[in-house]
Amino acid sequence: MKWLAFLFGLFILAIIVLADKGSLGILGVVNRIPFGDKAGHFILYGILTLLIDLTLIRSRPDLSPNLIVLRCALILALLIGLEEFSQQYFPKRTFDLVDLTFSYLGVIFFSWVALKMDYHRQGKRQ
């Protein structure tokens, strides 16, 4: 799970770098789909959140899953906000508060999913 979270993080980082350079290629098709960009923000950052949450919850059973998820969500929210804000310094990008909102909604929703998955996993072990 740890490697999957790491590789998915690298995948998102690659998308960010390509978008900053204006070189998304085939991935740019998503921007032509109505609300595709918003769905992309929600899904990509959400999946990243889920993978990181599950990795940390399973690697730190001594800590409260709620605390882990909250900390992870706050750190990701800060990093996502900084990345969205930085877009105004790239000619091919623009800061979009709606994109940021969908990114945050993805973090919130998939944090909840991670907690539910852990709850069900814990219930099966007991």
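For the structure, check the block above.
Residue positions within a chain follow its written sequence, with the count starting from 1. Residue-level local features of this predicted model are given only where pLDDT is at least 70; pairs of side-chain atoms are given and counted only at 80 or more, and the full residue set underlies all totals for whole chains, interfaces and linings. For the side-chain quantities, the full set of heavy atoms in the structure was used; hydrogens and water were omitted.

### Describing the layout of surface pockets
Over the atoms a probe the size of a water molecule is rolled, and this reveals where empty space is left. Selection criterion: Only protein atoms enter the calculation, which uses a 1 Å grid: trapped sets of points that fit a 1.4 Å probe without letting it out are cavities, open sets showing protein on both sides within 12 Å along at least five of seven lines are pockets, and any residue with an atom within 4 Å of a point is a lining residue. Grid points are joined across faces, edges and corners, and a volume is the space filled by probe spheres set on the points. Strands here are runs of E lasting at least two residues and helices are runs of H or I lasting at least four, both read from the DSSP assignment and numbered beginning at the N terminus. Polar here means any residue other than Ala, Val, Leu, Ile, Met, Phe, Trp, Tyr, Cys and Pro, which are nonpolar, and Asp, Glu, Lys and Arg, which are charged; Gly is therefore polar.
Quantified by volume, the largest pocket comes out at close to 600 Å³. Lining the largest pocket are 22 residues, and of these Ile-15, Ala-19, Leu-24, Asn-31 and Asp-37 lie nearest its centre. Of all elements in the fold, only helix H1 (2–21) and helix H2 (36–59) reach the threshold of two or more residues within the lining of the largest pocket. Across the lining of the largest pocket, the residue classes tally to 10 nonpolar, six polar and six charged. Of the volumes computed, that of the second largest pocket is approximately 190 Å³. Lining the second largest pocket we find Gly-9, Ile-12, Leu-13, Ile-16, Tyr-45, Leu-48, Ile-52, Leu-76, Leu-79, Ile-80 and Glu-83. Among the secondary structure elements, those contributing two or more residues to the lining of the second largest pocket are H1, H2 and helix H3 (65–86). A per-class count over the lining of the second largest pocket returns nine nonpolar, one polar and one charged.

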